[in-house]
Amino acid sequence: MGIWMNAKETAARVRAQAAEEAARLRAEGVVPKVAALLVEGDPASAYYANAKKKLAASLGIEFVLAELPRETAEAELVGLVSAWSRDESVHGIMVELPLPGHVSAAAVAAAIDPLKDVDGVTPANKLAVMTGEAGLYPATPQSCILLLKAYGYSLEGKNVTLVGRGQTVGLPLFHMLQREQATVTVCHSRTADLSRHVKQADIVIAAVGRPGLLTADMFHAGSVVVDAGINEAEEGRVVGDVDAEAIHTAAAVSPVPGGVGTLTTALLFVNAIRAIGLQQEARRDVETKGGARA
Ligand code: NAP
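Residues numbered from 1 in each chain as written. Predicted model: local features only at pLDDT ≥ 70, side-chain atom pairs only at ≥ 80, totals over all residues. Heavy atoms only, no water.

In the nomenclature of an unreviewed UniProt entry, the protein chain is known as Bifunctional protein FolD of Paenibacillus hodogayensis. Under the heading Sequence similarities (unreviewed entry), UniProt records this for the protein chain: "Belongs to the tetrahydrofolate dehydrogenase/cyclohydrolase family." Per UniProt, the protein chain has the following entry under Function (unreviewed entry): "Catalyzes the oxidation of 5,10-methylenetetrahydrofolate to 5,10-methenyltetrahydrofolate and then the hydrolysis of 5,10-methenyltetrahydrofolate to 10-formyltetrahydrofolate." (UniProt positions renumbered as here; feature names shortened; annotations may be inferred.)

This is the structure in structure tokens:
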């Protein structure tokens, strides 16, 4: 029987750190503020946006939630996000996905100032994740790595099988895992023998969105399994991509709920605090260059 890699303690530590930083900024006269855009129509998005609002309040971070009707035109959404990008009192911007079909998520993301992009969705931050340059990296991949480290699992030299290559989790995680010196195998919907790739891995990370895709028989006694999947099951229950029976065959499994997702929301606000530092740095750079020219 393996252990559950619960994120409760790590998330509490991360939240305390974010609250401490927020208090320090307030004492310096900076009130940390995040603005989030929610287009009505997706109950799960509304739930997550409200959970973030509650967490922000507990951390001492202001949170503005703009809820707009489903039929709002793309130009109006882009206009609102652009205004937040220009507004110096707003330090972080989040856009709740999915957006309705008539709106291009890429167009809205492109309107976010990369220095305020706490979800890491702008082209500049996607590039930073690939190259390892400083930037705002997406919270869920960070959460997968932090959870492993919190349980003492190093990634260096390990065979990691990543199941899923989506834009939000799998793809950025692929780059981040390589920088942790892991050897990464990426599986997706066309992978011929998923079970073989999962079985040969020291560490398996699931980021698919298919309940029970990874079954207990795919693991061995040394498998360490991080489940980033979030799926709605019967009676409104939330489950991951890994069958709960895996706890009987693997060494460690992260639970859903109570694992990656718990840490992700906390890390979003760490990104927001980090964003403030990046914005202050950028302003100092401009002043120095301006001063040098004068
Ligand atoms: P996505 O963009 O839809 O990507 C899903 C990936 O899974 C794709 O690469 C797809 O392959 C692959 N896939 C689909 N069916 C498969 C199969 N049968 N076998 C192997 N691979 C398969 O999803 P995402 O946005 O990256 O999100 C992935 C999961 O993470 C979702 O459950 C989402 O809810 C969850 N999530 C969790 C958090 C958190 O905080 N815990 C945050 C964000 C998202 P192809 O590329 O071939 O299509």
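Across its full length, the protein chain holds 9 helices and 11 strands. Relative to a compact globule of 294 residues, whose C-alpha radius of gyration would be 19 Å, the protein chain shows 20 Å and is just as compact. Based on the C-alpha atoms only, the size of the protein chain along its principal axes is roughly 65 × 45 × 35 Å. Taking all 294 residues of the protein chain together, the buried fraction comes to 45%. Taking the contacts inside the protein chain whose residues are at least 6 apart along the sequence as the reference set, 73% of them involve residues at least 24 apart. Total accessible area computed for the protein chain in this model is approximately 14,100 Å², and 54% of it derives from carbon and sulfur atoms. (Helix = DSSP H or I, 4+ residues; strand = E, 2+ residues; numbered from the N terminus. Rg over C-alpha atoms; globule rule 2.2 N^0.38 Å. Buried < 20%, exposed > 50% of the residue type's maximum accessible area, 1.4 Å probe, protein only. Contact = heavy atoms within 4.5 Å. Areas by Shrake-Rupley, 256 points an atom, 1.4 Å probe, with all protein chains shown as cover.)

Bringing the pattern of salt bridges into the picture now. Summed over the entire model, instances satisfying the criterion amount to 6 salt bridges. Linking Glu-234 and Arg-237 is a salt bridge whose minimum nitrogen-to-oxygen distance equals 2.9 Å. When salt bridges with common partners are traced through the structure, they connect Glu-21, Arg-24 and Glu-28 into a single cluster. (Salt bridge = Lys/Arg side-chain N within 4 Å of Asp/Glu carboxyl O.)

Within the element layout of this structure, Gly-212 appears in the loop between β7 (203-206) and β8 (224-227). Each C-alpha atom of the pair Gly-212 and Phe-269 lies 30 Å from the other, and the pair is 57 residues apart in sequence. Excluding residues within four positions of it along the chain, Gly-212 makes contact with Gly-240, Asp-241, Val-242 and Asp-243.

Quick look at the packing of helix α5 (residues 123-131) against helix α7 (residues 170-179) now. Each pair of packed helices gets described by two things: the angle between the helix axes and the distance between those axes. Contact geometry for α5 and α7: axes closest at 8 Å, N-to-C directions at 35°. The segment α5 lies against α7, with Ala-128, Val-129, Met-130 and Thr-131 engaging Pro-172, His-175, Met-176 and Arg-179. Tallied by class, residues from the contact of α5 with α7 come to 5 nonpolar, 2 polar and 1 charged. (Axes fitted to C-alpha atoms, helices over the stretch in contact; angles between N-to-C directions. Nonpolar A, V, L, I, M, F, W, Y, C, P; charged D, E, K, R; others polar.)

This next bit is on the site of the ligand. Close to the ligand lie 20 residues, the nearest being Arg-165, Thr-168, Ser-189, Ala-228 and Thr-264. Here the ligand, which alone exposes 940 Å², has 71% of that area covered by the protein. If one sorts the elements of the shell around the ligand by residue count, helix α9 (residues 260-293) sits on top with 3 residues. Across the shell around the ligand, the residue classes break down as 8 nonpolar, 10 polar and 2 charged. (Near = heavy atom within 4 Å.)

Between helix α6 (residues 139-150) and α7, whose axes approach to 9 Å, the crossing angle comes to 40°. On the basis of the axis angle, α6 is oblique to α7. Handedness of the α6/α7 crossing: right-handed. For the pair α6 and α7, contact is made by Pro-141, Gln-142, Cys-144 and Ile-145 and by Pro-172, Leu-173, Met-176 and Leu-177, respectively. Split by residue class, the contact of α6 with α7 holds 7 nonpolar, 1 polar and no charged. (Parallel < 35°, antiparallel > 145°, perpendicular 65-115°, else oblique. Left-handed = near helix turned anticlockwise from the far one by under 90°.)

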